[in-house]
Amino acid sequence: LSIGIASPFFGWWSDTIGSLKIPLALTATIGLISSSVIIFVPNVPWHLMLVCLVGIGIAAGGQSLSFAVVKENNKPEHLGTACGFQNMMVIAGGGLIFQPIVGVLLDYYWDNTLINNVPVYSAAAYEKAFIIIPACFLVALLASLFIRETYRQSE
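The structure reproduced in this document is the subject of the present report.

Parameters at a glance
- Residues numbered from 1 in each chain as written.
- Predicted model: local features only at pLDDT ≥ 70, side-chain atom pairs only at ≥ 80, totals over all residues.
- Heavy atoms only, no water.
- Axes fitted to C-alpha atoms, helices over the stretch in contact; angles between N-to-C directions.
- Helix = DSSP H or I, 4+ residues; strand = E, 2+ residues; numbered from the N terminus.
- Contact = heavy atoms within 4.5 Å.
- Nonpolar A, V, L, I, M, F, W, Y, C, P; charged D, E, K, R; others polar.
- Core = buried A, V, L, I, M, F, W, Y, C linked by side-chain atoms within 4.5 Å.
- Buried < 20%, exposed > 50% of the residue type's maximum accessible area, 1.4 Å probe, protein only.
- Parallel < 35°, antiparallel > 145°, perpendicular 65-115°, else oblique.
- Left-handed = near helix turned anticlockwise from the far one by under 90°.
- Phe/Tyr/Trp six-rings, centres within 6.5 Å; stacked < 30°, edge-to-face > 60°.
- Expected span 1.5 Å × (residues − 1).
- 1 Å grid on protein atoms, 1.4 Å probe; cavity = no way out; pocket = protein on both sides within 12 Å on 5 of 7 lines; lining within 4 Å.
- Points joined across faces, edges and corners; volume = space filled by probe spheres on them.

## With respect to the packing of helix α1 (residues 2–17) against helix α2 (residues 21–40)
Any two packed helices are characterised by the angle at which their axes cross and by the distance between the axes.
1) Next: One can describe the packing of α1 onto α2 by two numbers: an axis separation of 8 Å at closest approach and a directional angle of 140°. Counted together, Phe10, Trp13, Ser14 and Ile17 of α1 and Ile22, Pro23, Leu26 and Thr27 of α2 form the full contact between these two elements.
2) Next: Along the lines of polarity and charge, the residues of the contact of α1 with α2 split into 6 nonpolar, 2 polar and no charged.

Here it is in structure tokens:
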């Protein structure tokens, strides 16, 4: 629900202020803070957990702005290829790259517990494996600071 509301909101806001950097930096910061609280704060109360999960959804809404960055920073004759590559990276990042990395980290931090020959991972192993989430939001925040802002001059 939060990503469904946040995506069009950040698109509208970005158009209104004529900037992509500010909304991208804001969504990355929201994601960094929200995911860090979930992972690093012990015994997060359910109401704070709910706020943080909504925050991660809001942060994910900023992902739609990446297509505007691609549009504004590529020549019209290269736009189809650039958008196709962007879409592929969005899909590949989640399923092809980061899910296996989380699996490798879970295996690395696994304490060899088996139940019915099925590996059982501890909460600590998940916490360590999921550090990749705030790390990605941090990279997104840093990347947002280096985006070439066009101020909608390509329109």
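## Comments concerning the nonpolar core
1) Next: The biggest cluster of nonpolar side chains holds 7 residues, and these are Ala6, Phe10, Leu20, Leu24, Leu65, Val69 and Ile147.
2) Next: Contacts of Leu65, omitting those with residues within four sequence positions, involve Phe10, Gly11, Ser14, Leu20, Pro23 and Leu24.
3) Next: Membership of the second largest hydrophobic core comes to 5 residues, among which are Val102, Leu106, Ala125 and Ile132.

## A look at the packing of α2 against helix α7 (residues 132–145)
1) Next: Remark: α2 packs on α7, axes separated minimally by 8 Å, with the N-to-C direction vectors making an angle of 160°. Taken as axis vectors, α2 and α7 run roughly antiparallel relative to one another. In this structure, α2 crosses over α7, and the sense of that crossing is left-handed. Of the residues in α7, those touching α2 at Lys21, Leu24, Ala25, Ala28, Thr29, Gly31, Leu32, Ser35, Ser36, Ile39 and Phe40 are Ile133, Pro134, Phe137, Leu138, Ala140, Leu141, Ser144 and Leu145.
2) Next: Across the contact of α2 with α7, the residue classes break down as 13 nonpolar, 5 polar and 1 charged.

## A word on the packing of aromatic side chains
1) Next: One pass over the full model with this rule turns up 8 aromatic pairs.
2) Next: Their ring planes at 55° and their centres at 6.2 Å tell us that Phe10 and Trp13 sit as a pair that is tilted. With Phe10 and Trp13 both in helix α1 and 3 residues apart, this pair spans about one turn of that helix.
3) Next: Using a relative accessible area of 4% as the deciding quantity, one classes Phe10 as buried.
4) Next: The partly exposed category is assigned to Trp13, whose relative accessible area is 22%.
5) Next: Summarising the aromatic geometry, the rings of Tyr121 and Tyr126 are spaced 6.2 Å apart at their centres and angled 85° between planes, so their arrangement reads as edge-to-face.
6) Next: Relative accessible area serves as the criterion here: at 34%, Tyr126 is assigned to the partly exposed category.
7) Next: Following the ring pairs from residue to residue traces out a cluster consisting of Phe9, Phe10, Trp12 and Trp13.

## Focus: helix α3 (residues 46–61)
Because the α-helix completes a turn every 3.6 residues, residues three or four places apart line up on one side.
1) Next: A rise of 1.5 Å per residue sets the reference length of α3, with its 16 residues, at 22 Å; its end C-alpha atoms lie 23 Å apart and thus fit the reference within 8%.
2) Next: Among the residues of α3, those classed as buried are Cys52, Gly55, Gly57, Ala59 and Gly61.
3) Next: If you follow the buried residues of α3, they end up packed against α1, α2 and α7.

## Looking at the layout of surface pockets
1) Next: In this structure, the largest pocket spans a volume of roughly 1100 Å³.
2) Next: Together, 30 residues line the largest pocket, and Gln63, Phe98, Cys136, Phe137 and Ala140 are the ones closest to its centre.
3) Next: Those elements giving two or more residues to the lining of the largest pocket turn out to be α2, α3, α4 (65–72), α5 (79–109) and α7.
4) Next: Looking at which element gives the most residues to the lining of the largest pocket, the answer is α5, with 9 residues.
5) Next: Of the residues assigned to the lining of the largest pocket, the class counts are 21 nonpolar, 9 polar and no charged.

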